Amino acid sequence: MDREKARQKLQKSGAYASLQRIADWMDRFYVDAIVGLALPYGIGDLAMAVFSLVYIYFSLFILHSVPLTLAIINNTLRDVAIGLIPFFVGDILDFFHQSNRQNMRLIDGFVNGDRAIIHEVNAKAVQSIVMVIVLIIIIVLQLRIYYLVASTIVNIFSGIGDALYQIFIQ
């Protein structure tokens, strides 16, 4: 009975309600995908990933579950990596990925003692560690490529500007 009271108290908490609101806004109303589309070069995707810190905090410090936290980090990094796929492909895929709803489903299942969700989270704990490392590497490489492309474009336009300056001024 104590577990049931704790579950009900947790579900009525402001933190839990905030998690649900974030999931709704980010994925049901597509704020995550729209911001990712509106802010180029991964800026929108990284900005929206900040909202996942609430899920990470909740799973680690309130639910005290490292496997659940790893699964949430895995979902979040996968969402960022997908959003960083160039030529708007990642932004379009982001409309369908919906990592915030996935994170909420995992937390909700964990809070409600859903054995299937708990088993899923525990079974993926080792996989999540490996995937987190791989996804961090992919995201860093994607951001590096964006930086190199942006630098090249700036250098090209700078060179054109210098040439025009030389032609028209001298």
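Numbers given to residues run from 1 along each chain, matching the order in which its sequence is written. Where local features are concerned, this predicted model is filtered to residues with pLDDT of at least 70; where side-chain atom pairs are given and counted, the filter is 80 or more; whole-chain, interface and lining totals use all residues. The side-chain numbers reported here are obtained from all heavy atoms of the structure, hydrogens and water having been left aside.

Enquirer: Mind showing me how you'd approach the overall build of the protein chain here?
Expert: Scanning the protein chain from N- to C-terminus turns up ten helices and zero strands. The numbering of helices and of strands both runs from the N terminus, where a helix is a DSSP run of H or I of at least 4 residues and a strand a run of E of at least 2. Along the protein chain, helices and strands appear, N-terminal first, in the series α-α-α-α-α-α-α-α-α-α. This radius of gyration counts C-alpha atoms alone. The globule rule is 2.2 Å times how many residues there are, raised to the power 0.38. Its C-alpha atoms give the protein chain a radius of gyration of 21 Å, more than 25% over the compact-globule value 15 Å for 170 residues. Summarising its shape, the C-alpha atoms of the protein chain cover approximately 85 × 30 × 25 Å along the three principal directions. Exposure is judged per residue with a 1.4 Å probe applied to protein chains only, and the accessible area is read against the type maximum: over 50% gives exposed, under 20% gives buried, and values in between give partly exposed. When each of the 170 residues of the protein chain is scored for burial, the buried share is 35%. Working rule for contacts: check all heavy atoms of both residues, and any pair within 4.5 Å makes them a contact. Counted over contacts in the protein chain with a minimum sequence separation of 6, partners at least 24 positions apart contribute 75%. The sign given to each residue is positive for Lys and Arg and negative for Asp and Glu; His and the chain ends receive no count. Here the site of a charge means NZ on Lys, CZ on Arg, CG on Asp, or CD on Glu. Measuring between centres, the 13 positive side-chain charges of the protein chain sit 11 Å from its 13 negative side-chain charges.

Enquirer: I tried to follow the nonpolar core on my own but got confused; where do I start?
Expert: Generally speaking, nonpolar side chains in soluble globular proteins are found buried as a group. Within the largest apolar cluster, 21 residues are counted, with the highest numbers of intra-cluster contacts made by Y55, F58, L63, L68, I107 and V111. Of all the secondary-structure elements, those providing two or more residues to this core are α2 (14-28), α5 (52-62), α6 (66-83), α8 (99-111) and α9 (115-123). In contact with Y55, not counting residues within four places along its chain, are L19, I22, A23, I72, N100, N103, M104 and I107. Within this scheme, the nonpolar core is defined by two criteria: the residues are buried Ala, Val, Leu, Ile, Met, Phe, Trp, Tyr or Cys, and they are joined through side-chain atoms within 4.5 Å. In terms of nonpolar packing, the next biggest core, distinct from the first, is built from nine residues, A49, V80, A81 and L84 among them.

Enquirer: What am I meant to see in the packing of aromatic side chains here?
Expert: What describes a pair of aromatic rings is the distance from one ring centre to the other and the angle between the planes of the rings. Ring pairs shown here join Phe, Tyr and Trp side chains whose ring centres sit within 6.5 Å, with only the six-membered ring taken for Trp; geometry is labelled stacked below 30 degrees between planes, edge-to-face above 60, and tilted in between. Scanning the entire structure with this criterion turns up four aromatic pairs. Aromatic side chains Y16 and F58 sit 6.1 Å apart centroid to centroid with 50° between the ring planes, which places their arrangement in the tilted category. Of this pair, Y16 sits in helix α2 while F58 sits in helix α5, and the two are 42 residues apart along the sequence. With respect to class, Y16 is no different from F58; both count as buried. Seen from their ring centres, Y57 and F61 are 5.2 Å apart, and the 40° between their planes marks the pair as tilted. In this pair, Y57 and F61 are both assigned in helix α5, four residues apart and thus about one turn of the helix distant.

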